[in-house]
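Each chain is listed here by its residues.
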Amino acid sequence: QVQLVESGGGLVQPGGSLRLSCAASGSAFVLYDLAWYRQAPGKERDMVAGITSGGRIDYADSVKGRFTMSRDNAKNTVYLQVSRLEPEDTAVYYCNAKGGHLSYWGQGTQVTVSS
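To keep things clear, this report deals only with the structure shown in the data block.

What counts, and at which threshold
Residues numbered from 1 in each chain as written. Predicted model: local features only at pLDDT ≥ 70, side-chain atom pairs only at ≥ 80, totals over all residues. Heavy atoms only, no water. Helix = DSSP H or I, 4+ residues; strand = E, 2+ residues; numbered from the N terminus. Rg over C-alpha atoms; globule rule 2.2 N^0.38 Å. Buried < 20%, exposed > 50% of the residue type's maximum accessible area, 1.4 Å probe, protein only. Contact = heavy atoms within 4.5 Å. Areas by Shrake-Rupley, 256 points an atom, 1.4 Å probe, with all protein chains shown as cover. 1 Å grid on protein atoms, 1.4 Å probe; cavity = no way out; pocket = protein on both sides within 12 Å on 5 of 7 lines; lining within 4 Å. Points joined across faces, edges and corners; volume = space filled by probe spheres on them. Nonpolar A, V, L, I, M, F, W, Y, C, P; charged D, E, K, R; others polar. Pairing = 2+ DSSP bridges. Disulfide = S-S within 2.5 Å.

Turning to the overall build of the chain, a few remarks are in order. Broken down by element type, the chain carries 0 helices and 11 strands. Secondary structure of the chain in N-to-C order comes out as β-β-β-β-β-β-β-β-β-β-β. Taken against the 2.2 N^0.38 rule, which gives 13 Å for 115 residues, the C-alpha radius of gyration of the chain at 13 Å falls within 12% of a compact globule. Each principal axis of the C-alpha distribution contributes one length, and for the chain these read about 40 × 25 × 25 Å. Relative to its full complement of 115 residues, the chain shows a buried share of 42%. For the chain, the share of sequence-separated contacts (at least 6 apart) that also reach a separation of at least 24 residues comes to 53%. For the chain, the exposed surface amounts to about 6,100 Å²; the carbon and sulfur share of it is 49%.

Given below as structure tokens:
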């Protein structure tokens, strides 16, 4: 069993930055593939970045060059540095951990980009 707790969201002006964190409890964190998803009102939940247990990172085209994902296995934490934010980035951001047939979600953290 893995519990995920996101933090770091908030209200930011266009062009601003935030650092989202996802802290995991439970064992075997290092073995999980991790991902950040986001869901805007009325839209589906889409993946924005993912990092495998081996460290390979992929980004959605819409965030390449602006978002940076990293993981700290010693702290059981995964991060998403979001920069050059645009109003279209407004959404609830969720952390996901996958291991085998298991998938866990956090409760989400709201990011609002507005002037």
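A few words on the layout of surface pockets. For the largest pocket, the calculated volume is near 170 Å³. Taken together, Arg38, Gln39, Ala40, Lys43, Glu44, Asp46, Val48, Ala60, Ser62, Glu88, Thr90 and Ala91 make up the full set of residues lining the largest pocket. Contributing elements (two or more residues each) for the lining of the largest pocket: β4 (33–39) and β5 (46–51). Considered class by class, the residues forming the lining of the largest pocket number 4 nonpolar, 3 polar and 5 charged.

Glancing now at the pairing of β4. Counting buried positions along β4 yields 5 of 7 residues, so the element is predominantly enclosed. As judged from the 5 bridges shared by β4 and β5, these two strands associate in the antiparallel manner. Looking at the pairing, Trp36 lines up with Ala49 of β5. Connecting β4 to the antiparallel partner β5 that follows it, the hairpin turn spans 6 residues, and Gly42 within it adopts a positive phi of roughly 80 degrees.

Another point: the state of the cysteines. One pass over the full model with this rule turns up 1 disulfide. Cys22 shares a disulfide with Cys95; S-S distance 2.2 Å. Here the disulfide of Cys22 and Cys95 is left-handed, its torsion about the S-S bond being about -85 degrees. Residue Cys22 is found in strand β3 (residues 18–25), and its partner Cys95 is found in strand β9 (residues 91–99); the two are separated by 73 residues along the sequence. On the accessibility criterion, Cys22 (1% relative accessible area) is buried.

Nothing here speaks to function; it is all geometry.
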